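One letter stands for each residue in the lines below.
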Amino acid sequence: MAEYEKKVREILREHGCRFVRRGKGDHDIWYSPITSVHFPVDTKIKSRFTANAIMKQSGIDHHF
């Protein structure tokens, strides 16, 4: 099973997104300057569907 968390975080940083704080459970809260929205990022992303949903929330046009 593929692990996507490193690649997702790398892409988020490349597009100017930044880590804000730890969230509840195993989630972190990030901010996207593209959409001006705070969104959760799971610390254990094992599904490409989850990775793609995070990209969509951040406003980044990238698909796994």
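As the structure is a computational prediction, the values presented were derived from the model and not from experiment.

Peer 1: Where do I start with the overall build of the chain in this structure?
Peer 2: Looking only at helices and strands, one finds two helices and three strands in the chain. The secondary structure elements of the chain, listed N-terminal to C-terminal, are α-β-β-β-α. Relative to the 2.2 N^0.38 estimate, which gives 11 Å for 64 residues, the radius of gyration of the chain is 11 Å and therefore close to what a compact globule would have. Considered along the principal axes of its C-alpha atoms, the chain spans approximately 30 × 25 × 15 Å. When each of the 64 residues of the chain is scored for burial, the buried share is 34%. The long-range fraction of contacts in the chain, counting pairs at least 24 apart against all pairs at least 6 apart in sequence, stands at 38%. Looking at the chain as shown, the accessible area adds up to about 4,300 Å², and 52% of this sits on carbon and sulfur atoms. Charge separation in the chain, taken as the distance between the mean sites of 12 positive and 8 negative side-chain charges, equals 4 Å.

Peer 1: Any chance you could explain the environment of Arg 13 here in plain terms?
Peer 2: Among the structural elements, Arg 13 can be located in helix α1 (residues 5–14). Between the C-alpha atom of Arg 13 and that of Phe 64, which follows or precedes it by 51 residues, the distance is 17 Å.

Peer 1: Please clarify how the packing of aromatic side chains should be interpreted in this entry.
Peer 2: One pair of aromatic rings is described through two measures. These are the centre distance and the angle between the planes. Considering all chains together, one arrives at two aromatic pairs under this definition. Plain terms: the ring middles of Phe 19 and Trp 30 are 6.3 Å apart, the flat faces sit at 85° to each other, and that makes the pair edge-to-face. Of this pair, Phe 19 sits in strand β1 (residues 18–22) while Trp 30 sits in strand β2 (residues 27–32), and the two are 11 residues apart along the sequence. Looking at Phe 19, the relative accessible area reads 39%, which means it is partly exposed. On the basis of relative accessible area, Trp 30 is assigned to the buried category, the value being 1%.

Peer 1: Mind showing me how you'd approach the nonpolar core here?
Peer 2: Nonpolar side chains tend to gather and get buried jointly when the protein is soluble and globular. In terms of nonpolar packing, the biggest core is built from 13 residues, with Val 8, Leu 12, Phe 39, Val 41, Ile 45, Ile 54 and Met 55 touching the most fellow members. Broken down by secondary-structure element, the contributors of at least two residues to this core are α1, β3 (37–42) and α2 (48–58).

Peer 1: How should the side chain of Ser 32 be read in this particular structure?
Peer 2: Examined against the element boundaries, Ser 32 turns out to sit in strand β2. Within the local environment of Ser 32, its side chain forms a polar contact with the backbone nitrogen of Ile 34, the two atoms lying 3.3 Å apart. With residues near it in sequence (within four places) discarded, Ser 32 still touches Cys 17, Val 37, Phe 39 and Ser 58.

Here is what the cut-offs are and how they apply
- Residues numbered from 1 in each chain as written.
- Predicted model: local features only at pLDDT ≥ 70, side-chain atom pairs only at ≥ 80, totals over all residues.
- Heavy atoms only, no water.
- Helix = DSSP H or I, 4+ residues; strand = E, 2+ residues; numbered from the N terminus.
- Rg over C-alpha atoms; globule rule 2.2 N^0.38 Å.
- Buried < 20%, exposed > 50% of the residue type's maximum accessible area, 1.4 Å probe, protein only.
- Contact = heavy atoms within 4.5 Å.
- Areas by Shrake-Rupley, 256 points an atom, 1.4 Å probe, with all protein chains shown as cover.
- Lys, Arg positive; Asp, Glu negative; His and termini not counted.
- Charge placed at Lys NZ, Arg CZ, Asp CG, Glu CD.
- Phe/Tyr/Trp six-rings, centres within 6.5 Å; stacked < 30°, edge-to-face > 60°.
- Core = buried A, V, L, I, M, F, W, Y, C linked by side-chain atoms within 4.5 Å.
- Polar contact = N/O pair within 3.5 Å; in protein donor to acceptor, adjacent residues only side chain to side chain.

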